[in-house]
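Examining the three-dimensional arrangement
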Amino acid sequence: MKKVLLLPAILTIFTFYGTAQKEGSELNSAEDRGFNQGAVSGAQAGEITLARIAYFDSRKDSVIVLRSFNPDTELQLFSWDHSLRLEFERTESPNDPNTFYSHKLEGFEKYWSEPSKVNYARFSMLPTGKYVFRVRSRVGAGPWNTHELALNLIVHPPWWASLWAYVVYASLLLALLLFVRRYEINRQTLKANLKMETLEAEKLKELDHFKSELYADLTHEFRTPLTVILGMVEQMKDNPKRYTDDGIKLIERNSKNLLHLINQLLDLSKLDNKAFKLYLQQSDIIPYLRYVTEAFQTFANSRNLALRFVPAIDSLLMDYDPEQVKQVLTNLISNAVKFTPSGGDISIKVSRKKNDLVIEVQDTGIGISEADLTRVFDRFYQAREANNRHREGTGIGLAHTKELLNVMGGHIGVSSKLGEGATFAVSIPISNSAALVLKEDYSRYQVLPVASTSAEEKPDQKEKAPNKSLPHLLIIEDNPDVVIYLKTCLEDQYQVGVAYNGEIGIRMALDSIPDLIISDLMMPEKDGYDVCNTLKNDERTSHIPIILLTAKTDAASKISGLRRGADAYLIKPFDKEELLVRLEMLVQRQKRMVAHFSRELHASIKPDELHTGAEEAIQVENTFMHKLQEIVEKNYDDEGFSLTQLCHKIGMSRSQLFRKLQALSGTSPSDYIRSYRLGKAKILLQSTDLNVSEVAWKVGYKDPAHFSKSYQEEFGFPPSATER
């Protein structure tokens, strides 16, 4: 079957117009399409044939007319062909007026058209597809002729709706989807990489912070004994007769503490390298555990702690390495002592369960939070909960203990609740294969408690009676050896008091109102920052100069301390002369403050004039002096107003107010009230016509004779001699 192909174009609806003048060119166009002109060959009687096809070609803006076709003609239309008109006729009596036609376009119409004498059919804008145009005929009311016209009609889609176009569209859509997917994958990859980099940066930041804290803690552990060692060496050089005996003991003890710390670090290194070896012996372990526990008895007593050894069995012969068992028990008892407050209990319970030795170290300390329980045995980890943030140590004790027990084939566990103490349970497998040792000299296994005790300072000497004329200095330091060294530096120049942690130090400072405070930074319960923050924000102690001692050398720690009100910051190990100079400068500053307020007091100036020309340290205390002066100003004319009422109104005890006012102005509270009243009296005598008795009554004196005597003592002349 012959086909005619037309080029694509856009569909447009046009009204069909035909003109006879154009038919010549239209026929030529029909020939170009491949139609053979001429009569239909072999037509049978009663057949229906196409007489004429006409449609509008929008490309040429003309009507195309086709005439006479082969019976197998297949008509192909395109998007630019519109308003199709198909004319048909019977081959027999084509002009018979009684001939009726009916047609149907299969694929477009469901039903045959009504019978009609009209011999043509018109269609506009046929959709893309394949159709069969059928025509049937009859004469009058007779039956339909069996010969029908059947014309295959194909309407081709426009180029943008063709198969190839859809292939291109699908390709473009697929390419777009692939691009979007690729873009999304790249975006998600970039996002994941960015998140990973952020996490890595945070981890690096946490690692840096962890390293900084670790180095600070290690530094503290090293610098504290070094402070004692180097300081005592200097003291022994300056005065060998006085300090040699005690100095040697301190140096030896702190050197061993340093060695103990270094050995722990070396042991961890050996454990990591699988180079650690146990030196087992077979003997009774119960007396040895008792010996190690009792070595901590003095230290526990110095902290007001009850330490008890509670064995459930009297003896147990087994293989063990005395040095490593000592390390395990020492670490656990030291840990319990550090974190158990004064008045607490520590119990070491020993029992046998099947084929294991079980040691339980139980305390009534601050406990461990649930979040930290799983990490307490991690190397260098230290709990950060609020109750334990002022921790001490390096975080290697429990990790070292766990590693040693792993080598022994043992196990360690912990149970605790925050604020209710902790229990560390150690199990060591029992074996009896090592060489038997019947008699053991335990003294060769020297036990080193975490620090020396205050009782060890000078047990055979009585404390010297304090020289009350010297400035009162409070030392807040948890390491007794450092306290001993500081006392050797300061005892000849200051009255020295000692508090062994920040909490006690704050209470002592509020009770006694010292002239100076030296505080360590890293302490249990409350640290040096808390000491500064509390005392500098309390009216009773805000004037006291505070020096912080620390092993933290970074600028951030120093700035943090200064922001909390520290007046000086010394790095361990510190130079004795620097400490003495710092203290002397602070004493001089206090003297300038006393001179300032004493001068202002006797000048009888108004409260709002106190700020003029004062240095920073003086300005800080102006608020207190202003408050004090306001209270006295409101009550000086009341004869019953005395020190008791002043203490009540200002919220301090007699001793606190006395120490505070004495430190600021060199005057007692009673003298302050007296001088204020007399100063007011002098102003009244100079500026009014009141007589002496009237003035005395106005400033709270009911006895003019007593007033006159006090006035003369204050100003050197009687009230009557005051110039008006």
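Scroll up a little and you will see the structure.
Residues numbered from 1 in each chain as written. Predicted model: local features only at pLDDT ≥ 70, side-chain atom pairs only at ≥ 80, totals over all residues. Heavy atoms only, no water.

Notes on the overall build of the chain
Heads up, the condition is: Working definition: helices are DSSP H or I runs of at least four residues, strands are E runs of at least two. Numbering for both runs from the N terminus. We get accessible surface area from the Shrake-Rupley algorithm with a probe of 1.4 Å; when it comes to residues, only the shown protein chains can shield them.
When helices and strands are tallied, the chain shows 19 helices and 20 strands. Here the chain has roughly 37,600 Å² of accessible surface; of this, 53% comes from carbon and sulfur atoms.

A look at the sheet that holds strand 20 (residues 568–571)
Here is the rule: Two strands qualify as a pair provided that DSSP identifies no fewer than 2 bridges between them. Helix axes use the C-alpha atoms of the stretch in contact, all axes being lines fitted to C-alpha atoms, and the angles between their N-to-C directions lie in the range 0 to 180 degrees. Note on contacts: a residue pair is in contact if any heavy atoms of the two residues lie within 4.5 Å.
Taken in spatial order, the five strands line up as 17-16-18-19-20 in an open sheet, and their pairing is parallel. Either end of the sheet is taken by a strand with one partner, and the two such strands are strand 17 (495–499) and strand 20. Going across the sheet, the axis of each strand differs from the next one's by a mean of 20°, ignoring polarity. Note that strand 16 (residues 472–476) and strand 17 share five bridges and pair parallel. Counterpart to L474 in the pairing with strand 17 is G497. Docked against the sheet, helix 10 (residues 502–512) engages strand 16, strand 17 and strand 18 (516–520), running at close to 165° with respect to strand 16.

Here we look at the pattern of salt bridges
To keep it simple, the criterion reads: Here, a salt bridge means any side-chain nitrogen of Lys or Arg that lies within 4 Å of a carboxyl oxygen of Asp or Glu.
One pass over the full model with this rule turns up 22 salt bridges. Overlapping salt bridges, with partners in common, bring together R52, R85 and E87 in one network.

A look at empty space enclosed by the protein
Quick reminder of the rule: Grid spacing is 1 Å over the protein atoms alone, the probe is 1.4 Å, and a cavity is where that probe fits but cannot get out, while a pocket is an open set with protein on both sides within 12 Å along at least five of seven lines and lining residues have an atom within 4 Å of a point. Grid points are joined across faces, edges and corners, and a volume is the space filled by probe spheres set on the points. When residues are grouped by polarity, Ala, Val, Leu, Ile, Met, Phe, Trp, Tyr, Cys and Pro land in nonpolar, Asp, Glu, Lys and Arg in charged, and all others, Gly among them, in polar.
Applying the stated rule across the entire model yields four cavities of 30 Å³ or more. The wall of the second largest cavity is formed by 12 residues, among which L77, D81, H82, M125 and L126 lie closest to the centre. Per element, the largest residue contribution to the lining of the second largest cavity is four residues, and it comes from strand 4 (residues 81–90). Counted by class, the lining of the second largest cavity contains eight nonpolar, three polar and one charged residues.

Digging into the side chain of T423
Mapped onto the elements, T423 comes out in strand 15 (residues 422–429). In this view, T423 contacts E360, V361, Q362, G413, V414 and S415; residues no more than four positions away in its chain are not counted.

Quick look at the pairing of strand 13 (residues 356–363)
When strand 12 (residues 345–353) meets strand 13, the two strands line up antiparallel, connected through eight bridges. Residue pairing across strands places S351 opposite V358, the latter belonging to strand 13. Two successive antiparallel strands, strand 12 and strand 13, enclose a turn made up of two residues, where K354 displays a positive phi of approximately 55°. With seven bridges connecting them, strand 13 and strand 15 associate as antiparallel partners. If you follow V358 over to strand 15, its bridge partner there is S427.

Quick look at the packing of helix 4 (residues 285–294) against helix 6 (residues 322–338)
As a reminder, the rule being used: Roughly parallel refers to an angle under 35 degrees, roughly antiparallel to one over 145, roughly perpendicular to one between 65 and 115, and oblique to any angle outside these ranges. A clockwise turn of the near helix away from the far one marks a right-handed crossing, whereas an anticlockwise turn of less than a right angle marks a left-handed crossing.
At their nearest, the axes of helix 4 and helix 6 sit 10 Å apart, and the two run at 45° to each other. Compared by their axis directions, helix 4 and helix 6 come out oblique. Every pair of crossing elements has a handedness; the one defined by helix 4 and helix 6 is right-handed. Residues I285, Y288, L289, V292 and T293 of helix 4 form the contact with helix 6, whose own contacting residues are P322, E323, V325, K326, L329, T330 and I333. When grouped by side-chain class, the residues that make up the contact of helix 4 with helix 6 number eight nonpolar, two polar and two charged.

Digging into the packing of aromatic side chains
Pairs of aromatic rings are described using the distance from one ring centre to the other and the angle between the two planes. Inclusion rule: In summary, the pairing rule links any two rings of Phe, Tyr or Trp, Trp by its six-membered ring, whose centres are within 6.5 Å, and it sorts them by plane angle into stacked for under 30 degrees, edge-to-face for over 60 and tilted for everything else. Lysine NZ or arginine CZ positioned within 6 Å of the ring centre and within 35 degrees of the ring normal marks a charge as sitting over the ring.
Tallied over the entire structure, the rule returns 17 aromatic pairs. Members of the aromatic cluster, joined through ring pairs, are F88, Y101, F108, F123, Y131 and F133. Against the face of F100 rests R138, its NZ or CZ located 6.0 Å from the ring centre. Over the ring of W144 we find R138; its NZ or CZ atom is 4.7 Å from the centre of that ring.

Observations concerning helix 6
Quick note on the threshold: Here the expected span of a helix is defined as 1.5 Å times the quantity of residues minus one. Any residue under 20% of the maximum accessible area for its type is buried, any over 50% is exposed, and the rest in between are partly exposed; the area is computed with a 1.4 Å probe on protein chains only.
Taking 1.5 Å per residue, 17 residues should reach 24 Å; helix 6 reaches 24 Å between its end C-alpha atoms and fits that length. Most of helix 6 sits inside the fold, with 15 of its 17 residues counted as buried.

Observations concerning the nonpolar core
Under the convention used in this document: Among buried residues, the Ala, Val, Leu, Ile, Met, Phe, Trp, Tyr and Cys ones that are joined through side-chain atoms within 4.5 Å form a nonpolar core.
Within the largest apolar cluster, 42 residues are counted, with the highest numbers of intra-cluster contacts made by I285, L289, I348 and L357. Aside from chain neighbours lying at most four places away, what touches L289 is F309, V325, L329, V350, L357 and I359. In terms of nonpolar packing, the next biggest core, distinct from the first, is built from 31 residues, V228, I475, V482 and L516 among them.

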